[in-house]
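If you want the building blocks of each chain, they are given just below.
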Amino acid sequence: FREQPIFSTRAHVFQIDPNTKKNWVPTSKHAVTVSYFYDSTRNVYRIISLDGSKAIINSTITPNMTFTKTSQKFGQWADSRANTVYGLGFSSEHHLSKFAEKFQEFKEAARLAKEKSQEKMELTSTPSQESAGGDIQSPLTPESINGTDDERVTPEVTQNSEPRAEPTQNALPFTHSSTISKHWEAELATLKGNNAKLTAALLESTANVKQWKQQLAAYQEEAERLHKRVTELECVSSQANAVHTHKTELNQTIQELESTLKKKEEEIEGLKQEIDNARELQAQRDSLTQKLQEVEIRNKDLEGQLSDLEQRLEKSQNEQEAFRNNLKTLLEILDGKIFELTELRDNLAKLIECS
């Protein structure tokens, strides 16, 4: 949630009579929780109070508002947007003073926020930027209370409502680890594909090397045979010219064979280099596989921690809910007793006056 309670107290809530504009009309049968809420996105402060599922106060603090103490335990302020005047009756002067201090503090903060907003609007050149903030609605405002889009409150808001940030924070490591795991799995799949291609190329190259070695051995044997033949031909003087011509042809053939042999040797060196690269890729694949296994183990540990935290959180929430219910029942009983004592005091005062 972007709107959070920043101060809460309990008081009896009243509104001015819309007909007479003089008498106070109680909007709650007993003391209820009155809270200041702060919307960090819109930089807005609001006073909200719920009586069961009904919002009896939903007032946005503006720089023009003034909280007035009319007695030691009673204060009031006017809300022009709601077209009403709210009154609060506190159990002690201390609670009234504390509420008034917070009202003045948040009123000043609202004034500063309004001045900053006006400065930004003056510096903004495009209409879309000027109207961007007006379309944002608070997550606590599904139903309009005062008749305006920016003055809404949800009936489910309670005194101690807080965002459930703990499961999200604890779930982050698991989500991050899952992302890392998927990344390594993709890398591993790519390496497996490359490794398969290199293995096929390596097998083909090995077969070619064997074939080229056989051809080279045949060429060497042919060269030796030709050299022997040249020697034999040189020994025959009667065939000197034919031997010379044949020798030239043989020399050319030998040069061609040597050139072919050199090219084959270069190709063999290239294949050896590819084999070395394939071995390096194999080592990288083994390393990535080990890292993936470590990540999977880490994920299992995080899943166990997350499950334990969720169980503890559920248990804590159940205990808090039971405590809140007991406290609410106690407060209702106390409020009833206080109301009875107040009536008794008034009756005694009337009896004294009559006597």
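Report follows, based on the coordinates. (Residues numbered from 1 in each chain as written. Predicted model: local features only at pLDDT ≥ 70, side-chain atom pairs only at ≥ 80, totals over all residues. Heavy atoms only, no water.)

Brief notes about the pattern of salt bridges
Then comes step 1: With the rule as written, the count across this model stands at 8 salt bridges.
Then comes step 2: One salt bridge in this structure joins E108 and R111, with 2.2 Å as the shortest N-O distance. Of the two residues, E108 and R111 both sit in helix α1 (residues 93-123), 3 residues apart, roughly one turn of that helix.
Then comes step 3: What makes E108 partly exposed here is its relative accessible area of 32%.
Then comes step 4: With a closest N to O distance of 2.5 Å, R111 and E115 form a salt bridge. Of this pair, R111 and E115 both sit in helix α1, separated by 4 residues, roughly a single helical turn.
Then comes step 5: Through salt bridges with shared partners, a single ionic network connects E108, R111 and E115. (Salt bridge = Lys/Arg side-chain N within 4 Å of Asp/Glu carboxyl O. Helix = DSSP H or I, 4+ residues; strand = E, 2+ residues; numbered from the N terminus. Buried < 20%, exposed > 50% of the residue type's maximum accessible area, 1.4 Å probe, protein only.)

Observations concerning the side chain of T9
Then comes step 1: Of note, T9 is situated in strand β1 (residues 3-16).
Then comes step 2: Judged by relative accessible area, which is 9%, T9 ranks as buried.
Then comes step 3: In this view, T9 contacts V32, T33, V34, F90, H95 and F99; residues no more than four positions away in its chain are not counted. (Contact = heavy atoms within 4.5 Å.)

Here we look at the packing of aromatic side chains
Then comes step 1: Within the structure shown, the criterion is met by 14 aromatic pairs.
Then comes step 2: Between F67 and F103, the ring centres sit 5.5 Å apart and the planes meet at 35 degrees, which makes this aromatic pair tilted. Taken together, the residues F67 in the loop between β5 (54-60) and β6 (68-69) and F103 in helix α1 connect sequence positions 36 residues apart. Each member of the pair, F67 as well as F103, carries the same accessibility label: buried.
Then comes step 3: When the ring of F90 is compared with that of F99, the centres are 5.5 Å apart and the planes differ by 50 degrees; the resulting orientation is tilted.
Then comes step 4: What links up through ring pairs into an aromatic cluster is the set F7, Y36, Y38, Y45, F67, W77, Y86, F90, F99, F103 and F106. (Phe/Tyr/Trp six-rings, centres within 6.5 Å; stacked < 30°, edge-to-face > 60°.)

Some thoughts on the nonpolar core
Then comes step 1: Counting residues in each nonpolar core, the largest one holds 22 residues, and the members touching the most others are Y36, I47, I57, W77, L88 and F99.
Then comes step 2: Ranked by residue count, the leading element in this core is α1, at 5 residues.
Then comes step 3: Setting aside anything within four residues of it in sequence, one finds I57 in contact with V13, I47, I48, S49, W77, Y86 and L88. (Core = buried A, V, L, I, M, F, W, Y, C linked by side-chain atoms within 4.5 Å.)

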